[in-house]
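# Overview (structure and organization)
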Amino acid sequence: MSDGRTYLVGLLGAGIGPSLSPALHEREAERLGLRYVYRLIDLDAAGAAGGQGAVEERAGRLLGAARDVGFDGLNVTHPCKQAVVPHLDALAPQAEALGAVNTVVFDGGRAVGHNTDVTGFAASFARGLPDAPVGEVVLLGAGGAGAAVAHALLGLGAGRLTVVDAEPERAAGLAAALRGHFGTGRARTAELRSAAALLAEADGLVHATPTGMAAHPGLPVPAGALRPGLWVAEVVYRPLETALIGAARAAGCRVLDGGGMAVFQAADALRLFTGLQPETGRMLADFASLTESSGARL
């Protein structure tokens, strides 16, 4: 039942011009009887050039501006999931454990960070790869999305996670945090150059870097490292059919694209913004129709 309010929410990130998130949220909100407006806040359009420090400064300013003009909340995507954390008043337990935020709720003047990527990936994995073995899993990417996926996988019962990142210190930091949370022996690190060898012994690969997005084309691992018996899950969903998903299909792997995670995390975010429970089946159908009709990227 609608509470009669108008909700103003948005997406904070870079290169989000083609996003389907506004349509995905607004369609379900309309069915829930809500007045709901979803806007894009693009760092690229705002001129956020420079390194990580510049991203953090600009993300903080845009977040503050959204709060000041009356937004009810924001979704947060690459490269802001960790950059916004210092600018928040509080973190929900899941977001605090990850050190990354993908949803901010403005509540009584306070900005509270949440992370629905964990539950989003877990729900998508359970739906798309329900019986996949998870004894040995390789995670490529130790940023905000990678941290969320890592927590989801170990929470689902993965035996051991090998974290690989182009920045070894970031991989080491995530693995150490995972061991502290889930127990010694549940996470380790490896060098990026050893990814192909790791996949020869792994049950599955989860990819959580920007490689494969429209602005970052290419394969994150050599196509020759993919083989039947290995499952491959993708966090990238712009585009839905990444080069990795295509190569994995061709190699005979079971695959999970990033669409399910995008929908389930969006549903959880919508619930946080409004207090109402979305119907994920309808949102999955919306996502399919939106991507089919436009070929766009969420």
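Heads up: the structure comes first, above all this text.
Sequence order as written defines the numbering, with residues in each chain counted from 1. Totals for whole chains, interfaces and linings use all residues, but because this is a predicted model, local features are given only for residues with pLDDT of at least 70 and pairs of side-chain atoms are given and counted only at 80 or more. Values reported for side chains reflect all heavy atoms of the structure, with hydrogen atoms and water molecules removed beforehand.

Within 6.5 Å between ring centres, the rings of Phe, Tyr and Trp (the latter by its six-membered ring) count as paired, and their orientation is classed by plane angle as stacked under 30 degrees, edge-to-face over 60, tilted in between. Counted by the stated rule, this structure contains three aromatic pairs. Relative to Trp231, the ring of Phe125 has its centre 5.1 Å away and its plane inclined at 70 degrees; by these criteria the two rings are edge-to-face. Residue Phe125 is located in helix 4 (residues 117-128), and its partner Trp231 is located in strand 11 (residues 231-234); the two are separated by 106 residues in the primary sequence. Residues Phe125 and Trp231 agree in their burial class; the two are buried. Clustering of aromatic rings is evident, with ring pairs tying together Phe121, Phe125 and Trp231. Criterion for a charge above a ring: Arg CZ or Lys NZ at most 6 Å from the ring centre, at most 35 degrees from the ring normal. Over the aromatic face of Tyr7 sits the side chain of Arg5, whose NZ or CZ is 4.5 Å from the ring centroid. Strands here are runs of E lasting at least two residues and helices are runs of H or I lasting at least four, both read from the DSSP assignment and numbered beginning at the N terminus. Only protein chains enter the accessibility calculation, which uses a 1.4 Å probe; a residue is then buried when its area is under 20% of its type maximum, exposed when over 50%, and partly exposed in between.

With that settled, consider the nonpolar core. Grouping buried Ala, Val, Leu, Ile, Met, Phe, Trp, Tyr and Cys residues that are joined through side-chain atoms within 4.5 Å yields what is termed a nonpolar core. Counting 35 residues, the largest nonpolar core has Phe121, Leu153, Leu161, Val206 and Trp231 as its most contacted members. Elements with a contribution of two residues or more to this core: helix 4, strand 7 (136-140), helix 5 (144-155), strand 8 (160-164), helix 6 (168-182) and strand 11. Looking at which element gives the most residues to this core, the answer is helix 5, with eight residues. Grouped together as the second largest cluster of nonpolar side chains are 21 residues, Leu43, Leu62, Ala66 and Phe71 included.

Strand pairing is defined by DSSP finding a minimum of two bridges between the two strands. On the basis of which strands lie adjacent, the open sheet formed by six strands has the order 9-8-7-10-11-12 and parallel pairing. Across the chains shown, the open sheet's two edge strands, defined by having one partner strand only, are strand 9 (187-190) and strand 12 (254-256). Averaged over neighbouring strand pairs, the angle between their axes works out to 20 degrees when direction is ignored. Bridge analysis of strand 11 against strand 12 gives three bridges, and the strand direction is parallel. By the bridge assignment for strand 12, Ala233 is matched with Leu256. Between two residues, a contact is recorded if the distance between any of their heavy atoms is within 4.5 Å. The angle between two axes is taken between their N-to-C directions and runs from 0 to 180 degrees, where each axis is a line fitted to C-alpha atoms and a helix contributes only its stretch in contact. Contacts between helix 4 and the sheet are confined to strand 10 (204-207), strand 11 and strand 12, with strand 12 contributing the most and set at about 145 degrees to the helix. This element, helix 6, spans strand 7, strand 8 and strand 9 of the sheet and lies at about 165 degrees to strand 9.

Two faces make up the sheet, and in a regular strand the side chains alternate between them. By the criterion of burial, strand 5 (residues 103-107) is predominantly enclosed, with four of the five residues buried. Bridge count between strand 3 (residues 73-76) and strand 5: three bridges; the pairing is antiparallel. Within strand 5, the position partnered with Asn75 by the bridge is Thr103. Strand direction decides the pairing type here: strand 5 and strand 6 (residues 110-114), joined by five bridges, are antiparallel. Counterpart to Val104 in the pairing with strand 6 is Gly113. The antiparallel hairpin formed by strand 5 and strand 6 contains two residues in its connecting segment, where Gly108 sits at a positive phi of about 60 degrees.

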